[in-house]
Amino acid sequence: MRKHIVAGNWKMNKNFSEADDLINQLVEKLESTDLGDTQLIICPPALYIELASDQSDESYFMVGAQDVSEHDNGAYTGEISADMLENMAIDYCIVGHSERRAYHHETDEQIARKVDQLLKHDLRPIVCCGEVLEEREANKQFEVVKRQIVDGLFHLTAEQFADIVIAYEPVWAIGTGKTATPEQAQEMHAYIRSLIAEKYGAEVADNTSILYGGSCKPSNAKELFANPDVDGGLIGGASLKADDFLAIAQSF
Ligand code: 13P
């Protein structure tokens, strides 16, 4: 059966001492926090991955990166390869976040190549999808998400797909304080699972964790996670405070 996952996407936040402080707080609080079967993941900026992975051995969270290059290695200034990430002893990497799609013009084809890079290096991709407000207002959300999933992921074999985590993040809900209703989240998650079932069969679909992201906080996590197809969250702002992040992780 699929895992419950709560992942924190720190985005471009925290200087070194603030990052160190947050990781220490998490480690300390986790000693007395029961997360049940929920897998906790933190995705700090790349500069702090080592800081986080050094601590993750002794405590209860896994570490992910926020992005990866679509290329192997070579003359790509500023980029980080999957090979480098693999060497940092991390487990996950976010790809196709809407901020990368919007500000760095990432396409579904590039996202597909990033997914391939990660799988080649035994890292589990957390693949983001989601529509912008105009698309939802035009009732195009299903069409948009289907294109992102099909073009970004459906070149994989069923065996490869078993390592994929999906995050549905409606762009209009990210950092806006405007959360999708539990019904909107469930409707889209069930739709995504039906696409996976159609392509790879019911077993693969049942085993795929589909996370919700977009203004998820302690006050709304319970009602979102209560839905049968919502398997956890990809948390932005609220993952920057240890208490809020852990409260969300305890919302199943
Ligand atoms: P917020 O939780 O800040 O809305 O961000 C969600 C997100 O983009 C996580 O990847």
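One structure accompanies this document, and this report is about it.

1. A word on the environment of Gly 96
Here's step 1: In this structure, Gly 96 sits in the loop between strand E4 (92–95) and helix H4 (98–103).
Here's step 2: Overall, the relative accessible area of 2% leaves Gly 96 in the buried class.
Here's step 3: Put simply, Gly 96 and Thr 107 are 11 residues apart on the chain and 8.2 Å apart in space, counted from C-alpha to C-alpha.
Here's step 4: Beyond its immediate sequence surroundings of up to four residues, Gly 96 is in contact with Arg 101, Glu 106, Ile 111 and Cys 128.

2. Points about the nonpolar core
Here's step 1: Ranked by size, the top nonpolar core spans 65 residues in total, and within it Leu 153, Phe 161, Ile 166 and Ile 192 carry the most contacts.
Here's step 2: When residues no more than four places from it in sequence are discounted, the contact partners of Ile 192 are Cys 129, Val 145, Ile 149, Ile 166, Tyr 168 and Ile 210.
Here's step 3: In this structure, Ala 7, Val 165, Ala 167 and Leu 211 belong to the second largest nonpolar core, which totals 12 residues.

3. A look at the pairing of E4
Here's step 1: A two-sided burial pattern is seen for E4, the buried positions comprising Tyr 92 and Ile 94 on one face and Cys 93 and Val 95 on the other.
Here's step 2: Of the crossover connections in this fold, the one passing from strand E3 (residues 61–65) over helix H3 (residues 82–87) to the parallel E4 is right-handed.
Here's step 3: One ladder, built from four bridges, connects E4 with strand E5 (residues 124–129); its direction is parallel. Paired with Tyr 92 across the strands is Arg 124, a residue of E5.

4. Points about the packing of aromatic side chains
Here's step 1: Under the counting rule described, the total for this entry stands at six aromatic pairs.
Here's step 2: A ring pair is formed by Phe 16 and Tyr 48, whose centres lie 6.0 Å apart and whose planes are at 70°; its orientation type is edge-to-face. In this pair, Phe 16 sits in helix H1 (residues 16–30) while Tyr 48 sits in the loop between strand E2 (38–43) and helix H2 (49–56), placing the two residues 32 residues apart along the sequence.
Here's step 3: Look at Phe 154 and Tyr 200: their rings are 5.4 Å apart centre to centre, the planes differ by 90°, and that puts the pair in the edge-to-face class. Remark: Tyr 200 occurs in helix H9 (residues 182–200) and Phe 154 occurs in the loop between helix H7 (141–153) and helix H8 (158–161); sequence separation between them is 46 residues.
Here's step 4: The exposure class assigned to Tyr 200 is buried, which follows from its relative accessible area of 14%.
Here's step 5: By the ring-pair criterion, three or more aromatic residues cluster together here, those being Phe 154, Phe 161 and Tyr 200.
Here's step 6: Positioned over the ring face of Tyr 200 is Lys 199, at 5.8 Å from the centre of the ring.

Rules and cut-offs
Residues numbered from 1 in each chain as written. Predicted model: local features only at pLDDT ≥ 70, side-chain atom pairs only at ≥ 80, totals over all residues. Heavy atoms only, no water. Helix = DSSP H or I, 4+ residues; strand = E, 2+ residues; numbered from the N terminus. Buried < 20%, exposed > 50% of the residue type's maximum accessible area, 1.4 Å probe, protein only. Contact = heavy atoms within 4.5 Å. Core = buried A, V, L, I, M, F, W, Y, C linked by side-chain atoms within 4.5 Å. Right-handed = clockwise from strand over helix to strand, strands pointing away. Pairing = 2+ DSSP bridges. Phe/Tyr/Trp six-rings, centres within 6.5 Å; stacked < 30°, edge-to-face > 60°. Lys NZ or Arg CZ within 6 Å of the ring centre and 35° of its normal.

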